[in-house]
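Take a look at the letters that make up each chain.
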Amino acid sequence: MCGAAAIGAIGSVGSAIFGYQSEVAAVNAQNRAKLKNFERQNVQYITDVMLDNAQYKQDQISEDVKQDQIYQNMINEWRDYDSQLDDIFSKGSFKMEAAIREMHQNDYAGTQTGATAARLAGKSTKEMGFKKAEYVHEMLMAEKRTEMKKDISRDRALWDSWDMYEKVRYAPIHGHAPAPPTLAPKPSPLGAIFGAIGGAAGAFE
């Protein structure tokens, strides 16, 4: 009888230990799964950070190139405006030279004398003065228009430059790395001990 009780007690203890070990194994497997998932999340986070940083550096390089293009486009526009203005001034100078030649050709009063001769001689000078004023006015207005176009071109370049800068003004914000998981605690061995003691006591009873 005592041998049967001992066998029952040993079986109860063994059963309690096996149950405890099964619980511990289950908790360990659950924690390993959580840690593995945490590791994958960290690898993905680091990969995303590297890709974001690489893209940001590439965007900065592209922004530098585009800034140079914006500036060069503005310079090219200014050169074109200056060329147009030079053309207008050149034509104006030729017109004034032609007007001066015409004045000298027409200021001869012939055999006339007195007031009539003076009036005829002064008429060509007066006409040349009107033409010269007209040509100078055209050139000055062309110069003002050129300056206005340059201001518009500069303002447009500044706004385009600012828009490009805004795209790379701030570096990417990656946020927090994945938080470590909360691991499940191992089951207390006290339950297994008390269960084994209770099972052994019941067997002896």
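Residues numbered from 1 in each chain as written. Predicted model: local features only at pLDDT ≥ 70, side-chain atom pairs only at ≥ 80, totals over all residues. Heavy atoms only, no water.

Caption draft 1: Quick peek at the overall build of the chain. Counting its secondary structure elements, the chain contains 3 helices and 0 strands. Buried positions account for 19% of the 205 residues belonging to the chain. A fraction of 91% describes how many contacts in the chain between residues 6 or more apart in sequence connect residues 24 or more apart. Accessible surface, the chain as shown: approximately 15,000 Å² in total, 61% of it carbon and sulfur. (Helix = DSSP H or I, 4+ residues; strand = E, 2+ residues; numbered from the N terminus. Buried < 20%, exposed > 50% of the residue type's maximum accessible area, 1.4 Å probe, protein only. Contact = heavy atoms within 4.5 Å. Areas by Shrake-Rupley, 256 points an atom, 1.4 Å probe, with all protein chains shown as cover.)

Caption draft 2: Region of the structure containing the packing of aromatic side chains. Following the criterion strictly, the structure yields 1 aromatic pair and no others. On the basis of an interplanar angle of 50 degrees and a centroid distance of 5.6 Å, the ring pair of tryptophan 162 and tyrosine 165 is categorised as tilted. Of the two residues, tryptophan 162 and tyrosine 165 both sit in helix 2 (residues 114-167), 3 residues apart, roughly one turn of that helix. (Phe/Tyr/Trp six-rings, centres within 6.5 Å; stacked < 30°, edge-to-face > 60°.)

Caption draft 3: Just the confidence of the model for the chain, in detail. On average, residues of the chain score 80 in pLDDT, and 74% of them reach the 70 mark or higher. Across the chain, the secondary-structure element scoring lowest on mean pLDDT is helix 3 (residues 189-204), at 56, and the one scoring highest is helix 1 (residues 2-106), at 84. (pLDDT = per-residue confidence, 0-100.)

Caption draft 4: How the structure looks around the environment of serine 93. You can see serine 93 is positioned in helix 1. Separated by 43 residues in sequence, serine 93 and valine 136 have C-alpha atoms that sit 8.9 Å apart.

Caption draft 5: Representation of the nonpolar core in the model. Of all hydrophobic cores here, the largest spans 5 residues; its members are Ile70, Met74, Ile75, Ala157 and Met164. It is helix 1 that contributes the most residues to this core, 3 residues altogether. Beyond its immediate stretch of four places on either side in the chain, alanine 157 contacts Ile70 and Met74. (Core = buried A, V, L, I, M, F, W, Y, C linked by side-chain atoms within 4.5 Å.)

Caption draft 6: Inspection of a nonpolar patch on the surface at higher detail. The grouping of Trp159, Trp162 and Tyr165 at the surface amounts to a nonpolar patch, some 380 Å² of accessible area in total. What makes tryptophan 162 partly exposed here is its relative accessible area of 42%. (Patch = residues over 30% accessible without salt bridge, like charges linked within 9 Å, V, L, I, M, F, W, Y side chains within 5 Å. Salt bridge = Lys/Arg side-chain N within 4 Å of Asp/Glu carboxyl O.)

Caption draft 7: Representation of the side chain of asparagine 31. Along the chain, asparagine 31 falls in helix 1. Discounting residues that sit within four places of it in the chain, asparagine 31 has contacts with Leu183 and Ala184.

Caption draft 8: Seen up close, the pattern of salt bridges. The full count for this structure, using the stated rule, is 8 salt bridges. For aspartate 82, the salt bridge goes to lysine 150, with nearest N and O atoms at 2.7 Å. Highlighted residues: aspartate 82 in helix 1 and lysine 150 in helix 2, separated in sequence by 68 residues. A salt bridge links aspartate 87 to lysine 91; its shortest N-O distance comes to 3.4 Å. Taken as a pair, aspartate 87 and lysine 91 lie in helix 1 at a separation of 4 residues, close to a single helical turn. For aspartate 87, a relative accessible area of 40% gives the class partly exposed. Through salt bridges with shared partners, one network takes in Asp151, Arg154 and Asp155.

Caption draft 9: Seen up close, the environment of lysine 57. Counting through the fold element by element, lysine 57 comes out in helix 1. Taking the relative accessible area as the measure of exposure, lysine 57 reaches 55% and is therefore exposed. The spacing of lysine 57 and valine 168 is 111 residues in sequence and 9.0 Å in space, taken between C-alpha atoms.

Caption draft 10: The arrangement of the side chain of threonine 146 in detail. Tracing the backbone through its elements, the reader meets threonine 146 in helix 2. Once residues within four sequence positions are removed from consideration, threonine 146 is found in contact with Tyr81, Asp82 and Leu85.

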